[in-house]
Amino acid sequence: GAGVSQTPSNKVTEKGKYVELRCDPISGHTALYWYRQSLGQGPEFLIYFQGTGAADDSGLPNDRFFAVRPEGSVSTLKIQRTERGDSAVYLCASSLGWGNTQYFGPGTRLTVL
Amino acid sequence: DAKTTQPTSMDCAEGRAANLPCNHSTISGNEYVYWYRQIHSQGPQYIIHGLKNNETNEMASLIITEDRKSSTLILPHATLRDTAVYYCIVTNAGGTSYGKLTFGQGTILTVHP
């Protein structure tokens, strides 16, 4: 079946701009996670959704970052006033429920010039 | 979640078994050991997980010591396509962590012809 998909695969933006990154989880998966991976590092947790609500957003670096999942399926990660330090690969994962095995998408590579 | 320690890098000849070790001496009774790998420019790929018993699937085998303080991932017949960063992760499938994954630096496995 279809895996986790993320769009766009690459995004180049200028400092100060707003960006949205989209994640389509595996059908039927109620849990959704966002991670960020900087060059040469392992992925770092950002936020977790169970259904429509963000159960844990402790990994979001600051209030420029926000994520939604209005219908409990697709999620959008939103970054305001982007900075060069936001450049990274943003990964999305989904699982049947919280605590179950997570399956990752291919990621979105964000470059802030 | 318990911290894990893995060698920075390992080499393996094609066709031979690759044995990747992981130490997790502070693991608690309800924490699982998960293994993921990440091939260059792709999202992490789930390999296998276990609690205390040894596990095997079509990709690999996971051997967990009786005291659960360490484990070994075994790729029985490594191929060039197994060249990747391998992450050993210990996570509480329930509780307040919601199963979020804490990635370390992982082991860079290079399979040689």
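Model, not experiment: these values are computed from the prediction.

Colleague: Just checking my understanding: could you explain the environment of P76 of chain B for this structure?
Modeller: Residue and element names in this part refer to chain B. If you trace the backbone, P76 turns up in the loop between β7 (70-75) and β8 (84-92). Put simply, P76 and P113 are 37 residues apart on the chain and 16 Å apart in space, counted from C-alpha to C-alpha. Among all residues touching P76, those that are not within four sequence positions of it are G15, R16, A17, M59 and A60.

Colleague: How do you make sense of the pairing of strand β11 (residues 108-112) of chain A when you look at a structure like this?
Modeller: Within a regular strand, the side chains alternate between the two sheet faces. Residues and elements named next belong to chain A. Residues T108, L110 and V112 line the buried face of β11, whereas the alternating positions R109 and T111 sit on a face that is not buried. The sheet contact formed by strand β2 (residues 10-13) and β11 spans four bridges and is parallel. Within the sheet, the bridge partner assigned to V12 lies in β11 and is T111. Judged from the three bridges that link them, strand β9 (residues 88-95) and β11 form a sheet pairing that is antiparallel. What sits directly across from Y90, in β11, is T108.

Colleague: It is not clear to me how the interface of chain B and chain A should be interpreted in this structure. Could you clarify?
Modeller: The figure often quoted for interface size is the accessible area lost as the parts come together. Residue-level contacts link 21 residues of chain B with 23 residues of chain A. Summing both sides of the interface, chain B and chain A together bury roughly 1,600 Å²; the carbon and sulfur share of this comes to 53%. Summed over the shared surface of chain B and chain A, the number is one salt bridge. Between K100 of chain B and D56 of chain A there is a salt bridge, with its nearest N and O atoms 3.0 Å apart.

Colleague: Sorry if this is basic, but what is going on with the packing of aromatic side chains here?
Modeller: Two aromatic rings, taken as a pair, are described by how far apart their centres are and by the angle between their planes. Within this structure, the stated rule accounts for 14 aromatic pairs over all chains. Residues F104 of chain A and Y36 of chain B carry aromatic rings whose centres are separated by 5.6 Å and whose planes lie at 85° to one another, so their mutual orientation is edge-to-face. Here F104 of chain A is found in strand β10 (residues 103-104), whereas its partner Y36 of chain B is found in strand β3 (residues 31-38) on a different chain. On the basis of relative accessibility, which here comes to 0%, the residue Y36 of chain B falls in the buried class. What links up through ring pairs into an aromatic cluster is the set Y33, Y35, F45, Y48, Y103 and F104 of chain A together with Y32, Y34, Y36, Y46, Y87 and F103 of chain B.

Colleague: For this particular structure, what's the right way to read the state of the cysteines?
Modeller: A covalent bond bridging the sulfur atoms of two cysteines is what the word disulfide describes. All chains considered together, the criterion is met by two disulfides over all chains. What pairs with C23 of chain A in a disulfide is C92 of chain A, and their sulfur atoms sit 1.8 Å apart. With the S-S dihedral at roughly -65°, the linkage between C23 of chain A and C92 of chain A falls on the left-handed side. Here the residue C23 of chain A occupies a position in strand β3 (residues 19-24), and C92 of chain A occupies one in strand β9, the gap between them amounting to 69 residues. Here C23 of chain A and C92 of chain A have matching classes, each one buried. In this model C22 of chain B forms its disulfide with C88 of chain B; the gap between the sulfur atoms is 2.1 Å. Every disulfide takes its handedness from the sign of the S-S torsion; for C22 of chain B and C88 of chain B that torsion is -80°, giving left-handed. You can see C22 of chain B sitting in strand β2 (residues 18-23) and its partner C88 of chain B sitting in strand β8, a full 66 residues away along the chain. Of all cysteine sulfurs in the structure, the one in C22 of chain B sits closest to C12 of chain B, which takes part in no disulfide; the separation is 18 Å. Given the relative accessible area of 8%, C12 of chain B is considered buried.

Calculation notes
Residues numbered from 1 in each chain as written. Chains lettered and ligands numbered in written order. Predicted model: local features only at pLDDT ≥ 70, side-chain atom pairs only at ≥ 80, totals over all residues. Heavy atoms only, no water. Helix = DSSP H or I, 4+ residues; strand = E, 2+ residues; numbered from the N terminus. Contact = heavy atoms within 4.5 Å. Buried < 20%, exposed > 50% of the residue type's maximum accessible area, 1.4 Å probe, protein only. Pairing = 2+ DSSP bridges. Buried area = accessible area lost by both parts, 1.4 Å probe. Salt bridge = Lys/Arg side-chain N within 4 Å of Asp/Glu carboxyl O. Phe/Tyr/Trp six-rings, centres within 6.5 Å; stacked < 30°, edge-to-face > 60°. Disulfide = S-S within 2.5 Å.

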